[in-house]
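Notes for the structure review
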Amino acid sequence: MEREAMHENVIVKQRSRITWEGCSVLLDVNDGDRFVFARLTGGSKIKVGNKNCSLRPLIGCPFGSKFQVEVGADGPYLSLVTSTAEGNCNDGTLDQSLVEEQRDNRALVDNNTAQSLTVEDIDDMRRRGATGDQIVGALISNSATFGKKTAFSQEKYRIKKQKKYAPTILLKRPFARSICEAYFKKYAEKIGYLRVDTLSLMLSMANISANSDVLLVDMLEGLVTGAVAERLGGFGYACNTYYGTTPYPSSIIRMFNFSDETCRRIVHCTLAELRSDDAVFATPNNLKDVCSNGTGQEEDIPRPSDVILRSSEDDINGDMDATSEATGSTKESKSVKSGGKAAPEVIKLWKKNGFSSLIVAAPNCDAWDIIKELIPLLSHSAPFVVYHQYLQPLATCMHNLQMEKMAIGLQISEPWLREYQVLPSRTHPFMQMSSSGGYLMSGTKISSSEAE
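Residues numbered from 1 in each chain as written. Predicted model: local features only at pLDDT ≥ 70, side-chain atom pairs only at ≥ 80, totals over all residues. Heavy atoms only, no water.

On to the sheet that holds strand S5 (residues 66-72), then. With antiparallel pairing, the 5 strands of this open sheet are ordered in space as S2-S1-S7-S5-S6. Both edges of this open sheet fall to strand S2 (34-39) and strand S6 (75-81), since each of them pairs with a single strand only. Within this sheet the neighbouring strands show an average axis-to-axis angle of 35°, counted without direction. Most of the contacts of helix H6 (residues 176-186) go to S2, to which it runs at about 130°, and overall it touches strand S1 (24-29) and S2. (Pairing = 2+ DSSP bridges. Helix = DSSP H or I, 4+ residues; strand = E, 2+ residues; numbered from the N terminus. Axes fitted to C-alpha atoms, helices over the stretch in contact; angles between N-to-C directions. Contact = heavy atoms within 4.5 Å.)

Among the nonpolar cores identified, the biggest contains 41 residues, and Ile179, Leu194, Met202, Ile208, Val224, Val228 and Ile359 are the most heavily contacted of them. Among the secondary structure elements, those contributing two or more residues to this core are S2, H6, helix H7 (196-205), strand S8 (212-218), helix H8 (223-232), strand S11 (357-361) and strand S12 (383-388). When residues no more than four places from it in sequence are discounted, the contact partners of Ile179 are Phe37, Pro174, Leu223, Ile252, Met255 and Phe256. One finds Leu215, Met406, Ala407 and Leu410 within the second-largest nonpolar core, a separate group that totals 40 residues. (Core = buried A, V, L, I, M, F, W, Y, C linked by side-chain atoms within 4.5 Å. Buried < 20%, exposed > 50% of the residue type's maximum accessible area, 1.4 Å probe, protein only.)

For the rest of this paragraph, the subject is the sheet that holds S8. The strand order across the open sheet built from 7 strands is S10-S9-S8-S11-S12-S16-S13, with neighbouring strands paired in mixed fashion. The open sheet is flanked by strand S10 (266-270) and strand S13 (407-413), the only strands paired with a single partner. Neighbour-to-neighbour, the strand axes of the sheet open up by a mean angle of 20°, direction not taken into account. In the sheet, S8 pairs with S11 via 5 bridges, with the strands oriented parallel. By the bridge assignment, Asp218 is partnered in S11 with Ala361. Sheet contacts for helix H13 (residues 367-374): S8, strand S9 (236-242), S11 and S12; angle to S11, the most-contacted strand, approximately 160°.

Given below as structure tokens:
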């Protein structure tokens, strides 16, 4: 069994470098202007501007390839961009950047008369089969003020026209970092404002490695579960526990392109089954108290029965909307389901030996009410991590753990991340950055004196 899993992992690693039909991909349109999750099938399409392009040319290409929207005789299509052409365009600008630094734009007046090329001329070029790069070159050559601008302004002008007339699409492999960054940039609320550095620190504090049995409470659409399963590599189990009878939504897991063996290692089990010896816990009153907001009013917990589970192409709204119009069979677009219900013999083993790690990412629930019920399920000296967007729930939980003497090494961490723009004579932090990526409370379970 172990040899088969290792052999399958080797095959998956080899295939992960090149796309195949039916795999999930992350498409970066115009260097972060828009992110699209799509599944590559024969009929899948993506809408860029007012053009619908087929995703068939992306099948069989290595991840990291860049494509450009071109218009041919049969309509718009995606053309592969070679790295040599892109590299030659940047050689001259870097050498001349220091020489042209003395220029400024104070004499330039924006009166819409500097461009001699009209809209009719651009449409005529398109009808004659001109490419997007040719149109951008014509706009630059027909601009009366382009030569008077600074090198920085010239580059901004070129990029602006490039995005409009020659948009590019970068083919990315969906894994924990790329998925988390894409969601955090465009739809952070869906993943509880979990930043990528917070996610990596969470996995490290929980000591996630191969052959681990990890207990999770994941209410972030399955992002944490997918990151844990990715680090396990098909060895060990990622068990999602939940209150009630239905597991929490985990649509993001379908984007990871996990193998069948890895998917079988992602299981779910109710908390009542894990604590079957305690008949008092799984009562309706207790279920209401655990996920209350502290004011006596119940908060709505997302359930699959209440949320329409859409395909991975429709998971993100707004600027992050994927348009995958598959005209072929829908069976080809379906992804492998991530695991199922945990087997009774595995649950029995977990009750006997305990879990090796615990990760809680449930912003809608009270941290203390959850952790006090889950810590007894861990083995002795097992690490646990609790994520929350705000500090106060974790501070209360940490105080209660200290008073109950249930854990040691308790600490609350706030990850700090600053991204820099590195350019000639213009190196500085980015102007727009996130102020916080959430908070983490970590600790190690100890054996109580009563148990001894």
